[in-house]
Amino acid sequence: MEKAIVTKYGGINSKVGELLVNRLVPNRYIDAVGPFVFLDHLYPTVQKPKTPSAPDGQFAHPHRGIATFSYIFSGALEHFDSNGGHGVVEAGGAQWMNAGNGIIHDEHFSPEFQARGGVMHGLQFWINLPAKNKAEKPGYMAVQASDIPEALLPNDAGMMRIVIGACGDNRSPVQTFTEQFIYHIKLNPKSSFTYETKAHLEYAAFVPSEEAVINGEALGKSEILAFGKDNGTITFTNNNITEIDIILFGGETYTEEIYAEGPFVMNSRLEIAHAYRDFFNGDYGTINYNSKQ
């Protein structure tokens, strides 16, 4: 039996600095998918080669209570944070940061990417942390493309990248605090792949560009599908003559209270107030752009 589709949504455009993104989660239909409380799609944007400029802190901002996860389809991002974290990742990699009890970070195009130019295209997720982990010290990991395990799909249908979580014997190196997953399915032309879901997990699928058919529903051009809580299968079909990308993500239901405001996601209004207080008191530290660990 196929898993039921409950929502199809096309997102809302928003500006992040000079970049245009499609804001997909949360929305009026979907508050979260498992622990994922936020999803932005950075549209493919051509960046012309230029003389690289160093970050000046203009776009640095705080977070608390979540892990941020930027996954790169093409281009390259450099990360700095106030906990001393630094890294550069290119296409197929990701920037993972546990904001924990408070951090300031800054992501921008890497100097090498600025110099050569190209297409920047990616996703950013916010992953809600359990209450006990919101009080922990922040952490950071640069996830290179070669770090992410890949598995071939049956019948020469393509390949799956296990970006977060596990699938079969394959497990991502990205730290998780609850059962959760992000799978990047690269589906070959004129191919199908059927995935068996688990009843205790929540699921959504996102298609950044070329159209896929998912349980009979056409989806593409930066659209998202959310599935019901019934058990069943999800069948992905590519009727195109080129390979397509599909993101399948979700996890176990987040059962604690959720209060989100600005860059903070906490478990009470008082904790939100404390997050702002601690930030304005300078407790999150400052970024040293000259220190590259």
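Residues numbered from 1 in each chain as written. Predicted model: local features only at pLDDT ≥ 70, side-chain atom pairs only at ≥ 80, totals over all residues. Heavy atoms only, no water.

**Q** Can you lay out the sheet that holds strand E5 (residues 61–63) for me, pointing to particular residues and giving the numbers?
**A** The strand order across the open sheet built from 4 strands is E5-E10-E7-E8, with neighbouring strands paired in antiparallel fashion. Only two strands of the sheet have a single partner each, and these edge strands are E5 and strand E8 (86–90). Averaged over neighbouring strand pairs, the angle between their axes works out to 30° when direction is ignored. In this sheet, strand E10 (residues 103–109) lies alongside E5 in antiparallel orientation, the contact comprising 3 bridges. Residue pairing for E10: Pro62 is matched across the bridge by Ile104. (Pairing = 2+ DSSP bridges. Helix = DSSP H or I, 4+ residues; strand = E, 2+ residues; numbered from the N terminus. Axes fitted to C-alpha atoms, helices over the stretch in contact; angles between N-to-C directions.)

**Q** Break down the nonpolar core for me, citing the residues and quoting the values.
**A** Counting residues in hydrophobic clusters, the biggest one holds 29 residues, and the most contacted among them are Phe69, Phe125, Ile182, Ile224, Ile247 and Phe249. Apart from the residues lying within four places of it in its own chain, the contact partners of Ile182 are Phe36, Phe69, Phe125, Arg161, Ile162, Val163, Ile164, Ile247, Leu248 and Phe249. The next biggest cluster of nonpolar side chains, apart from the first, holds 24 residues, and it includes Ala157, Leu201, Ala205 and Leu225. (Core = buried A, V, L, I, M, F, W, Y, C linked by side-chain atoms within 4.5 Å. Buried < 20%, exposed > 50% of the residue type's maximum accessible area, 1.4 Å probe, protein only. Contact = heavy atoms within 4.5 Å.)

**Q** Provide a residue-level description of the pairing of strand E6 (residues 66–74), including the pertinent values.
**A** The buried count for E6 comes to 8 of 9 residues, which makes it a mostly enclosed element. In terms of strand pairing, E6 meets strand E9 (residues 94–98) through 5 bridges, oriented antiparallel. Within E9, the residue paired with Tyr71 across the bridge is Ala94.

**Q** Any chance you could break down empty space enclosed by the protein for me, citing the residues and the numbers?
**A** Empty space among the atoms can be located by rolling a probe the size of a water molecule over them. Under the defined criterion, the tally for this structure stands at 1 cavity of 30 Å³ or more. Approximately 50 Å³ is the volume found for the largest cavity. For the largest cavity, the full set of lining residues is Ala67, Trp96, Ile127, Asn128, Leu129, Pro130, Gln175, Thr176, Phe177, Thr178 and Gln180. Per-class residue counts for the lining of the largest cavity are 6 nonpolar, 5 polar and no charged. (1 Å grid on protein atoms, 1.4 Å probe; cavity = no way out; pocket = protein on both sides within 12 Å on 5 of 7 lines; lining within 4 Å. Points joined across faces, edges and corners; volume = space filled by probe spheres on them. Nonpolar A, V, L, I, M, F, W, Y, C, P; charged D, E, K, R; others polar.)

**Q** Account for the layout of surface pockets, with residues named and values stated.
**A** Of the volumes computed, that of the largest pocket is approximately 1,200 Å³. Lining the largest pocket are 37 residues, and of these Val16, Leu19, Phe59, Glu107 and His108 sit closest to its centre. When contributions to the lining of the largest pocket are tallied by element, the ones reaching two or more residues are strand E3 (19–25), strand E4 (36–47), E5, E6, E10, helix H1 (111–116) and strand E11 (118–128). Grouping the amino acids of the lining of the largest pocket by side-chain chemistry returns 16 nonpolar, 13 polar and 8 charged. Forming the boundary of the second largest pocket are 18 residues, of which Ala32, Val33, Gly34, Glu202 and Lys229 lie nearest the centre. The set of elements that each furnish at least two residues to the lining of the second largest pocket consists of strand E19 (201–207) and strand E22 (223–227). A total of 3 residues in the lining of the second largest pocket trace back to one element, the largest contributor, which is E19.

On their own, these measurements won't tell you what the molecule is for.
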